[in-house]
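Residues per chain are reported as follows:
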Amino acid sequence: MAQLKITLVRSIAHRIPEQRLVVKELGLGRVNSTVTLPDNAATRGALTKIAHLIDVKVVED
């Protein structure tokens, strides 16, 4: 199964609380922090809420 490499490229300062919560739940902290998560519907749904704050790359296993 493919993995997604997610990098926070914009700050969550001055964002609505829902977006801040999604960023924290994904495991992202500061700008330029990166996590690798499975490519599934739950992850994709969370990413659409904060698409303007992140950079996503697909990593094949």
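Residues numbered from 1 in each chain as written. Predicted model: local features only at pLDDT ≥ 70, side-chain atom pairs only at ≥ 80, totals over all residues. Heavy atoms only, no water.

Colleague: Explain unusual backbone geometry to me, and be specific about the residues and the numbers.
Modeller: Negative phi is the rule for most residues except glycine; trans is the rule for most peptide bonds. Here H14, not a glycine, exhibits a phi torsion of approximately 65°, which is positive. Take H14: it is sitting in the loop between β1 (3-8) and α1 (17-25). Even without being a glycine, N32 presents a positive backbone phi close to 75°. Tracing the sequence through the fold places N32 in the loop between α1 and β2 (34-38). (Helix = DSSP H or I, 4+ residues; strand = E, 2+ residues; numbered from the N terminus.)

Colleague: Describe the nonpolar core, listing the residues and the values that go with them.
Modeller: Ranked by size, the top nonpolar core spans 15 residues in total, and within it I6 and I54 carry the most contacts. When residues of this core are traced back to their parent elements, those giving at least two are β1, α1, β2 and α2 (41-49). Among the elements that line this core, the one with the most residues is β1, at 3 residues. With sequence-adjacent residues up to four places away left out, I54 is seen in contact with I6, T7, L8, V9, L28 and L47. (Core = buried A, V, L, I, M, F, W, Y, C linked by side-chain atoms within 4.5 Å. Buried < 20%, exposed > 50% of the residue type's maximum accessible area, 1.4 Å probe, protein only. Contact = heavy atoms within 4.5 Å.)

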